[in-house]
Amino acid sequence: MHDRVKSRARRQIPAVNRILDAVGHCDLPRLVLVDLVRRKLSEIRAARSAPKFESIMALVRRSIDELRASRLQPIINGTGIIIHTNFGRAPLASKAIRALNEIGSAYSNLEYDLATGERGHRGAYVENALARLCGAESATIVNNCAAALVLITRHFARQKLDGFKPSSLRRSKPEVIISRGELVQIGGGFRIGEILEASSAQVREVGATNKTRLEDYRRAIRKETALILKVHRSNFFMSGFVESPSSEEISALAHKRRIPFVEDLGSGAVVTTGELGIADHEPTPAEALKSGVDLVCFSGDKLFGGPQAGIIAGKKRLVAALKREPLFRALRCDKLCLAALQSTVDLHLNHATAGIPALALLQIPEDELRARAAEICDQLSKKYTNLQIAIGRGAAKAGGGTLPKSTMPSVTIDIVPKKSSLADFAATLRAWNPPVIGYIAGDRFKLDLHTIFPQQDGLVIQAISAACTK
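Overview of the structure. For clarity, every value in this text was computed on a predicted model and none was experimentally measured. (Residues numbered from 1 in each chain as written. Predicted model: local features only at pLDDT ≥ 70, side-chain atom pairs only at ≥ 80, totals over all residues. Heavy atoms only, no water.)

All right, on to helix 10 (residues 247-256) then. Taken together, the buried positions of helix 10 are occupied by Ser247, Ile250, Ser251, Leu253 and Ala254. Around the axis of helix 10, the buried residues are gathered within 160 degrees of arc, so they sit on the same side. In the stretch just after helix 10, Arg258 is the one whose phi turns positive, near 55 degrees. (Buried < 20%, exposed > 50% of the residue type's maximum accessible area, 1.4 Å probe, protein only. Helix = DSSP H or I, 4+ residues; strand = E, 2+ residues; numbered from the N terminus. Arc of directions from axis to C-beta.)

Rendered as structure tokens:
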């Protein structure tokens, strides 16, 4: 009897084609849509139930909406976090976008020497330009800063391993000396120590969390030492009873003991933050290299304002050695990254950083934001009585693991819907095209204009209008 009931329930489950016909036109590829429908029907069969056709269609349509929303698409960032890791970090400059279109839509001289008519070197121009910008002998690029650190560590660890006598290979492992106060955790739960150990090196921690002295580094150096690493605390800060030696002091020790000294700057600030009106100083590659660091690495998509990339700059012989590593080919950048990075580097060299969105957003005057907020509020308050809308205060942040102490006064659009909860109102805006993302604070839904481009104000008004009429 039970088997007959189960068999009858299975027969009542509609066929895939019937579901597809009911869905109608969909902007997803048909193969993707078919796979989704089959999976949902399999789940229903496994549950040994036979819901009504309308319920099945509601489930399928909800799954289609969720799948469509997971596709990479532009959004409107109203969070006030300028370099938002979840939102793709730094928006690219218009010149970089044009370069992507030109290089991506045609053939290019990626590895072709136009002067000789023979095979050329990938990224030759941008590497030279980066070296000039950083005050370095040489520079190169890989696909992100973590990759840069892996490549550097692996190279020096392998060099140290090659120098070991066969009898000591089993007992010894190359070591990277690093202060306990610099064992940073970066986005996605990845930790500097784990990245180093993935490079066949052993982490040798020195000092305490809050205090590391030069003598700690000196005592830690031994025959297994492959390099000394300094990591900039770009996503947190320590104050109070703290101490750490300067890069100049560490480099003098490293050079005396003939050990490579590398500094991971992370944030990619090549413009001094004082020029941006930010009080907290972010160290630049030029400053680090001038202090005696052998190699620096930093991100291309943070305060540098370009695409995701890991930039390495420093001594020519060391950069050349890194590029000979087999791993370098696996980590190298493609033509699109190089095109966008090349345009961004040129903007820096031409002192035209106003054309780099991430840096321009850091400097928007509060009066300009307030004028835009007044216009948005005026248009919406006249049309809709089912929400309270007002100009509020915000505190924008650089974000992306940069300038953790710095906030900038900002202006927000504060909304209190009368016919829905704040969470439902936020969800409605997220479902709009393009999605509008804000945050809830002080019993209000807030959109920070510091991270909304002026040309997006009209789209914000449309999204809020749609949410009011839903």
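On the basis of which strands lie adjacent, the open sheet formed by 4 strands has the order 11-12-15-14 and antiparallel pairing. A single partner strand is all that each edge strand has here, and the edge strands are strand 11 (387-399) and strand 14 (439-441). Strand-to-strand twist across the sheet, computed as the mean angle between neighbouring axes with direction ignored, equals 40 degrees. Looking at chain direction, strand 14 and strand 15 (residues 444-448) are connected through 3 bridges and run antiparallel. Opposite Tyr439, over in strand 15, you have Lys446 as the bridge partner. (Pairing = 2+ DSSP bridges. Axes fitted to C-alpha atoms, helices over the stretch in contact; angles between N-to-C directions.)

It is worth spelling out the pairing of strand 12 (residues 402-417) at this point. As paired strands, strand 11 and strand 12 are joined by 12 bridges and run antiparallel to one another. By the bridge assignment for strand 12, Gly399 is matched with Thr402. The pairing of strand 12 with strand 15 spans 4 bridges and is antiparallel. By the bridge assignment, Asp414 is partnered in strand 15 with Lys446.

All right, on to the nonpolar core then. Within the largest apolar cluster, 84 residues are counted, with the highest numbers of intra-cluster contacts made by Leu130, Ile228, Leu341, Leu362, Ile413 and Ile464. If near-sequence neighbours (up to four positions away) are discounted, Leu362 is found in contact with Ile82, Leu276, Ile278, Leu303, Ala398, Met408 and His450. Counting 30 residues, the second largest nonpolar core, distinct from the first, contains Ile152, Ala201, Val203 and Leu229. (Core = buried A, V, L, I, M, F, W, Y, C linked by side-chain atoms within 4.5 Å. Contact = heavy atoms within 4.5 Å.)

This part takes up helix 16 (residues 366-383). For helix 16, spanning 18 residues, the distance from its first C-alpha to its last is 26 Å, which sits close to the expected 26 Å at 1.5 Å a residue. If you check which residues of helix 16 are buried, you get Leu369, Arg372, Ala373, Ile376, Cys377 and Leu380. Along the long axis of helix 16, the arc covered by the buried residues comes to 135 degrees, so they all point the same way. Every exposed residue of helix 16 that faces more than 90 degrees away from the buried side is listed here: Asp367 and Lys382. (Expected span 1.5 Å × (residues − 1).)

What follows deals with the environment of His348. Within the fold, His348 resides in helix 14 (residues 335-349). The class of His348 is buried, set by a relative accessible area of 5%. Separated by 44 residues in the primary sequence, His348 and Phe304 have C-alpha atoms spaced 8.7 Å apart. Here His348 is in contact with Leu133, Val270, Val271, Phe304, Thr353, Ile356 and Leu359, once residues within four sequence places are set aside.

Inspection of every chain in the model, using the stated rule, returns 25 salt bridges. In this structure, Glu325 and Arg158 form a salt bridge, with 2.6 Å as the shortest nitrogen-oxygen distance. With Glu325 in the loop between helix 12 (316-324) and helix 13 (326-331) and Arg158 in helix 7 (residues 145-163), this pair connects stretches of sequence that are 167 residues apart. Judged by its relative accessible area of 5%, Glu325 falls in the buried class. With relative accessibility at 39%, the residue Arg158 sits in the partly exposed group. One salt bridge in this structure joins Asp294 and Lys315, with 2.8 Å as the shortest N-O distance. With Asp294 in the loop between helix 11 (285-290) and strand 9 (295-299) and Lys315 in the loop between strand 10 (310-314) and helix 12, the pair connects residues that are 21 residues apart, well separated along the chain. Asp294 sits in the buried class, given a relative accessible area of 5%. (Salt bridge = Lys/Arg side-chain N within 4 Å of Asp/Glu carboxyl O.)

Time to look at the packing of aromatic side chains. Applying the stated criterion to the full structure yields 2 aromatic pairs. Consider the rings of Phe298 and Phe304, whose centres lie 6.2 Å apart with planes at 45 degrees: the pair is tilted. Residue Phe298 shares its accessibility class with Phe304, and that shared class is buried. A ring pair is formed by Phe425 and Phe445, whose centres lie 5.5 Å apart and whose planes are at 75 degrees; its orientation type is edge-to-face. Of this pair, Phe425 sits in helix 17 (residues 422-430) while Phe445 is found in strand 15, placing the two residues 20 residues apart along the sequence. Phe445 sits in the buried class, given a relative accessible area of 1%. The lysine or arginine in question, Arg18, covers the ring of Phe53, its NZ or CZ lying 3.9 Å from the ring centre. (Phe/Tyr/Trp six-rings, centres within 6.5 Å; stacked < 30°, edge-to-face > 60°. Lys NZ or Arg CZ within 6 Å of the ring centre and 35° of its normal.)

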